[in-house]
Number of protein chains: 2
Amino acid sequence: MPIGPNSAGSLPTGPARSGTGRSGPTLGESGEFALIARIVADLPPSAEVVLGPGDDAAALAIEPPVLTSVDVLVEGVHFRRDWSSAADVGRKAVAVNVADIEAMGGRAVAVVVGLSAPADLPLAWALELADGIRSEGERAGVTLVGGDVTGARDVTISVTVLGGLDGGPLIRRSGAGSDQVVALTGRTGWAAAGMAVLQRGFRSPRAVVEAQRVPEVPYGQGRVAAEAGATAMIDVSDGLLADLGHVARASGVMVELDLSAFPVPDVLRAVAAATGKDPYALLLTGGEDHALAACFSSADQVPDGWRVVGRTRQIGEDEEPGVLVDGAPWKGAAGWDHFGGGR
Amino acid sequence: MPIGPNSAGSLPTGPARSGTGRSGPTLGESGEFALIARIVADLPPSAEVVLGPGDDAAALAIEPPVLTSVDVLVEGVHFRRDWSSAADVGRKAVAVNVADIEAMGGRAVAVVVGLSAPADLPLAWALELADGIRSEGERAGVTLVGGDVTGARDVTISVTVLGGLDGGPLIRRSGAGSDQVVALTGRTGWAAAGMAVLQRGFRSPRAVVEAQRVPEVPYGQGRVAAEAGATAMIDVSDGLLADLGHVARASGVMVELDLSAFPVPDVLRAVAAATGKDPYALLLTGGEDHALAACFSSADQVPDGWRVVGRTRQIGEDEEPGVLVDGAPWKGAAGWDHFGGGR
């Protein structure tokens, strides 16, 4: 859906950002139709896909309400081609989106993908990206049902996920009451630790570097929490304090975290020591691990695999909804804004 | 959902591509949260939006099958900031996506938008883009229900549309039989004519320039055609010959167009004369007007507002499915590939 034949000739060519070899054809040489044909070949069948890629739109058998969310990953901002493989980027693009559906208590069904890339992107990179989308899709139970491929200077991947509730409840950020327990499943601080070592030119500890490349999303736990009675839920993308801050403000409550509920994994302690960071800053403000945080009316509702990390309480006079750690505001950046602007 | 706090500091700054004044704050100065807050403020209510922007995912009351499609618009490839206003770009991004839902016989309900932009993008531009998304959404009956804003060198807008069939039939590209009529509603060649004059530095004729900036999608006609018995349908995004070629190959038929069914509008004749183009090349190969083309079993099924432009027939021996114009292959580019590669 580009502006005209001449724009193909003026397709921007990206700078060489990585050491990727130039053997093999580029996206420009093979053309978008060739890429799309190879991406959609042999897609696994899904009972919920009424019509897959190749028509003007895909059709999905999802009962209402239909859940949807979009995330955009940009080269140089969200990933680097010399830090992550194309398959890692594809897996991450799917995982971060599916986490948003999990956080509503839903089950992700399908994704559509918009890929913008320079014409000199190796076709092999694009195909490996598609493999990553597909393999994480298999883990998460989602199918790639459509896409658009277009030229741009940066590699940009936008993934929109669609899912459903299968008759279960929709869990919002705004449902937390006071005197409830706050529980967590999944990891925090690992991806941030991975970023810290990658930024210093290291590739180890491997576990945190891999966590930065592809988050380990606790697939299925969103539904588990919803069925257990979660009153509010969020996916921890920006950092636990930032994301629980969203829950606190949407629900009009104070979230009180207990620092003792956050044992520091050895690998995070090691990274923190080597990089001069506070390990608790990693745990409380590190984003991109896509853990799930939820509130429950009582501790006995908290499902297996979740751990209680705090409580909610009513807002006192002269207080604003927010998050306290051991009774006090956390000192340091509570999260961050994508453009570095004010919150 | 960016890779870490430090990446905000290294957010790329785009080159000055247009004459946009730098008065007023930039996206970087105001921050993504400020932009999102302003975009979603006062969104019109919709009975089909169970949950709008602001949570991990939106929730929509769409009966299955759910239709979805994605299109990506990239600055310098699909639009130029000195040729189109931000509102035009927003309107176009919605219109081209809704056309995909129309082409299935569906009704678009909602869009989610991924915006990537340099930090120095004027906030006013981003807000005007949002206004354009909203105003075209009102024309098309769709609501903006979610988004992601992130940094990048180029302005890239990815729009994913969701819609439904309201119990009507799903019209695919592959359903055309032989001895059927081929009909068209909407314009072809206008956007291509607009591009031709813009590329020569002109801003007139105004009608074609405006058609290039924002397509005039025949909203509602997809459903009309489906109810009238359309056997196959497509949205004309790449050019009529290219898109009917998709129908021909998917359906295994030959499409025979009658050139006499394509009267040349005066404005296209004038642009063709001034730019040295064949007016029929504009009509038959110009993309981006997002007309709808459909096949019907008989001419008396063709709805008001549609005109018959040809017929389908069985493939002969030694023939491949395709499109003929007055009985012969069209000489010239039948469409084009986004990366200039082979088809």
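Given the structure is predicted, the values throughout are model-derived calculations rather than measurements.

Peer 1: Honestly, the side chain of B:Glu102 in this entry has me stumped. Any pointers?
Peer 2: Residue and element names in this part refer to chain B. Residue placement: Glu102 occurs in helix α4 (residues 86–102). One buried charge, Glu102, has no salt-bridge partner; the nearest side chain with opposite charge is Arg223, at 7.5 Å. At 3.4 Å, the side chain of Glu102 forms a polar contact with the backbone nitrogen of Gln221. The contact partners of Glu102, leaving out residues within four places of it in the chain, are Pro218, Tyr219, Gly220, Gln221, Gly222, Arg223, Met233 and Leu292.

Peer 1: How should I be thinking about helix α7 (residues 206–213) of chain B in this particular structure?
Peer 2: One turn of an α-helix holds 3.6 residues; hence residues three or four places apart share an orientation. Taken as a whole, α7(B) has its buried residues at B:Val208, B:Val209, B:Ala211, B:Gln212 and B:Arg213. Lining the buried residues of α7(B) we find α4, α6 (190–199) and α10 (266–275) of chain B.

Peer 1: Can you help me understand the packing of α6(B) against α7(B) in this one?
Peer 2: Residues and elements named next belong to chain B. α7 packs onto α6 with a crossing angle of 105 degrees between their chain directions and a minimal axis gap of 7 Å. By the angle between their directions, the pair α6 and α7 is classed as roughly perpendicular. In this structure, α6 uses Trp190, Ala191, Ala193, Gly194, Met195, Val197 and Leu198 to contact α7, whose residues at the interface are Ala207, Val208, Val209, Ala211 and Gln212. For the contact of α6 with α7, the per-class residue count stands at 10 nonpolar, two polar and no charged.

Peer 1: What should I look at first to understand empty space enclosed by the protein in this one?
Peer 2: To find leftover empty space, a probe the size of one water molecule is rolled over the atoms. All names here are of chain B. Taken as a whole and judged by the stated rule, the model has three cavities of 30 Å³ or more. Within this model, the largest cavity holds a volume of roughly 50 Å³. What lines the largest cavity is a set of 11 residues, among which His78, Phe79, Trp83, Ser84 and Gln212 lie closest to the centre. When contributions to the lining of the largest cavity are tallied by element, the ones reaching two or more residues are α6 and α7. Taken together, the residues of the lining of the largest cavity sort by class into five nonpolar, three polar and three charged. Here the lining of the largest cavity gathers at least three residues from each of two domains, domain 1 (27–164) and domain 2 (173–325).

Peer 1: Explain the packing of aromatic side chains to me, please; I cannot follow it from the model alone.
Peer 2: Pairs of aromatic rings are described using the distance from one ring centre to the other and the angle between the two planes. All names here are of chain A. Counted according to the given criterion, the structure contains four aromatic pairs over all chains. Taking 5.9 Å as the distance between ring centres and 85 degrees as the angle between the ring planes, the aromatic pair formed by Phe296 and Trp306 counts as edge-to-face. Highlighted residues: Phe296 in strand β10 (residues 291–296) and Trp306 in the loop between β10 and β11 (307–313), separated in sequence by 10 residues. By relative accessible area, which is 7% here, Trp306 ends up buried. Seen from the ring of Trp125, Arg81 lies directly overhead, with NZ or CZ sitting 5.6 Å from the centre.

Peer 1: What is the right way to look at the confidence of the model for chain A in this model?
Peer 2: Note: predicted coordinates in regions of low pLDDT should not be interpreted at a detailed level. All names here are of chain A. Residues at a pLDDT of 70 or more form 87% of chain A, whose mean pLDDT is 88. Confidence over residues 1–21 falls short of pLDDT 50; this stretch has 55 contacts with residues more than four positions distant or in other chains. Counted against residues more than four places away or in other chains, residues 334–343, with its pLDDT under 50, gives 50 contacts.

Peer 1: Whenever I open this one, the sheet that holds strand β9 (residues 254–257) of chain A confuses me. Can you help?
Peer 2: Residues and elements named next belong to chain A. Pairing in this open sheet of six strands is mixed, and the strands run β8-β10-β7-β11-β9-β12 from one edge to the other. Every interior strand has two partners, whereas the edge strands, β8 (232–236) and β12 (322–325), have only one. Neighbouring strand axes in the sheet, compared pairwise and without regard to direction, differ in orientation by 25 degrees on average. Of the strand pairs in this sheet, strand β7 (residues 181–185) and β10 are connected by five bridges, and their pairing is antiparallel. Pairing of Val181 across the sheet is with Phe296, part of β10.

Peer 1: Any chance you could explain the environment of B:Val255 here in plain terms?
Peer 2: Residues and elements named next belong to chain B. Mapped onto the elements of the fold, Val255 is located in strand β9 (residues 254–257). Once the C-alpha coordinates of Val255 and Ser178 are considered, the two residues, 77 residues apart in sequence, prove to be 8.8 Å apart. Not counting residues up to four positions away in its chain, the partners in contact with Val255 are Val182, Leu244, Ala248, Arg311, Thr312, Gly322, Val323 and Leu324.

Peer 1: Got a minute to help me understand the UniProt feature "binding site: Mg(2+) 4" (unreviewed entry) in chain A in this structure?
Peer 2: Under the UniProt annotation, the feature "binding site: Mg(2+) 4" (unreviewed entry) is placed at A:Asp56, A:Ser69 and A:Asp100. Residue position: A:Asp56 is located in the loop between β1 (49–51) and β2 (58–60). In this structure A:Asp56 touches B:Ser69, B:Asp100, B:Ala103, B:Met104, B:Arg173, B:Met233, B:Ile234 and B:Asp235, once residues within four positions along its chain are discounted. In terms of polar contacts, A:Asp56 uses its side chain to reach the side chain of B:Arg173, at 3.5 Å. Tracing the backbone through its elements, the reader meets A:Asp100 in helix α4 (residues 86–102). You can call A:Asp100 buried: its relative accessible area is 8%.

Peer 1: Honestly, the sheet that holds strand β4 (residues 107–117) of chain B in this entry has me stumped. Any pointers?
Peer 2: Neighbouring strands of a sheet are bound in pairs by backbone hydrogen bonds; such pairs are parallel or else antiparallel. Reading across from one edge, β1(A)-β2(A)-β3(B)-β6(B)-β4(B)-β5(B) is the order of the six strands in this open sheet, with mixed pairing throughout. The open sheet is flanked by β1 of chain A together with β5 (143–151) of chain B, the only strands paired with a single partner. Strand-to-strand twist of the sheet, defined as the mean angle between neighbouring strand axes without regard to direction, takes the value 25 degrees. Sheet topology note: the β4(B)/β5(B) ladder contains eight bridges and is parallel. For B:Ala110, the partnering residue across the bridge sits in β5(B) and is B:Thr143. Running over the sheet, α4(B) touches β3 (66–74), β4 and β6 (156–164) of chain B and is turned about 145 degrees from β3(B).

Peer 1: Quick question: what am I supposed to make of the pairing of β5(B) here?
Peer 2: The buried fraction of β5(B) amounts to eight of the nine residues, a majority that puts the element mostly inside the structure. In this fold, the crossover linking β4(B) to β5(B) by way of helix α5 (residues 123–140) of chain B has right-handed handedness.

About the thresholds
Residues numbered from 1 in each chain as written. Chains lettered and ligands numbered in written order. Predicted model: local features only at pLDDT ≥ 70, side-chain atom pairs only at ≥ 80, totals over all residues. Heavy atoms only, no water. Helix = DSSP H or I, 4+ residues; strand = E, 2+ residues; numbered from the N terminus. Buried < 20%, exposed > 50% of the residue type's maximum accessible area, 1.4 Å probe, protein only. Lys, Arg positive; Asp, Glu negative; His and termini not counted. Salt bridge = Lys/Arg side-chain N within 4 Å of Asp/Glu carboxyl O. Polar contact = N/O pair within 3.5 Å; in protein donor to acceptor, adjacent residues only side chain to side chain. Contact = heavy atoms within 4.5 Å. Axes fitted to C-alpha atoms, helices over the stretch in contact; angles between N-to-C directions. Parallel < 35°, antiparallel > 145°, perpendicular 65-115°, else oblique. Nonpolar A, V, L, I, M, F, W, Y, C, P; charged D, E, K, R; others polar. 1 Å grid on protein atoms, 1.4 Å probe; cavity = no way out; pocket = protein on both sides within 12 Å on 5 of 7 lines; lining within 4 Å. Points joined across faces, edges and corners; volume = space filled by probe spheres on them. Domains from an automatic or database assignment. Phe/Tyr/Trp six-rings, centres within 6.5 Å; stacked < 30°, edge-to-face > 60°. Lys NZ or Arg CZ within 6 Å of the ring centre and 35° of its normal. pLDDT = per-residue confidence, 0-100. Pairing = 2+ DSSP bridges. UniProt positions renumbered as here; feature names shortened; annotations may be inferred. Right-handed = clockwise from strand over helix to strand, strands pointing away.

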